[in-house]
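Here are the chains, one letter per residue:
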Amino acid sequence: MDRDLHTQMRTFLDTESQPALDSWDVLLARTPDQLKERISVLTVQAARSVS
């Protein structure tokens, strides 16, 4: 692997990835029913924004 690419990836992971990791932790903590409800809400919102 290109060393510059590795350095860029490491920098990203060290400095910018925390919000994504936090979001992933929240997602993993939800129950299947909570996930289904969230999908339902997002689907309704998306449908409203299209119309």
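What you see is a predicted model; the values in this text were computed from it and never measured.

In terms of helices and strands, the protein carries three helices and zero strands. Along the protein, from the amino end to the carboxyl end, the secondary structure elements read α-α-α. For the protein, whose C-alpha radius of gyration is 17 Å, the value lies well above the compact-globule estimate of 10 Å for 51 residues. Projecting the C-alpha coordinates of the protein onto the three principal axes gives extents of approximately 45 × 30 × 20 Å. Summed over its atoms, the accessible surface of the protein is roughly 4800 Å², and 60% of this surface lies on carbon and sulfur atoms.

Looking now at a nonpolar patch on the surface. On the surface, M1, L5 and M9 cluster together into a nonpolar patch covering about 340 Å² of accessible area. Relative to the assigned elements, M9 resides in helix 1 (residues 3-15).

Right, let's talk about the pattern of salt bridges for a bit. Tallied over the entire structure, the rule returns one salt bridge. Its salt-bridge partner being D14, residue R10 comes within 2.9 Å of it at the nearest N-O pair. Of the two residues, R10 and D14 both sit in helix 1, four residues apart, roughly one turn of that helix.

Taking 1.5 Å per residue as the helical rise, helix 1 with its 13 residues ought to reach 18 Å, and the 18 Å between its terminal C-alpha atoms agrees with that figure. Measuring from the backbone nitrogen of D4 back to the side-chain oxygen at the start of helix 1 gives 2.7 Å, which picks out D2 as the cap.

For T31, the position within the fold is in the loop between helix 2 (18-29) and helix 3 (32-50). Here T31 falls in the partly exposed class, since its relative accessible area comes to 38%. Taking the C-alpha atoms as reference points, T31 and P19, separated by twelve residues in sequence, lie 21 Å from one another.

Thresholds applied
- Residues numbered from 1 in each chain as written.
- Predicted model: local features only at pLDDT ≥ 70, side-chain atom pairs only at ≥ 80, totals over all residues.
- Heavy atoms only, no water.
- Helix = DSSP H or I, 4+ residues; strand = E, 2+ residues; numbered from the N terminus.
- Rg over C-alpha atoms; globule rule 2.2 N^0.38 Å.
- Areas by Shrake-Rupley, 256 points an atom, 1.4 Å probe, with all protein chains shown as cover.
- Patch = residues over 30% accessible without salt bridge, like charges linked within 9 Å, V, L, I, M, F, W, Y side chains within 5 Å.
- Salt bridge = Lys/Arg side-chain N within 4 Å of Asp/Glu carboxyl O.
- Expected span 1.5 Å × (residues − 1).
- Polar contact = N/O pair within 3.5 Å; in protein donor to acceptor, adjacent residues only side chain to side chain.
- Buried < 20%, exposed > 50% of the residue type's maximum accessible area, 1.4 Å probe, protein only.

These figures capture arrangement, not role.
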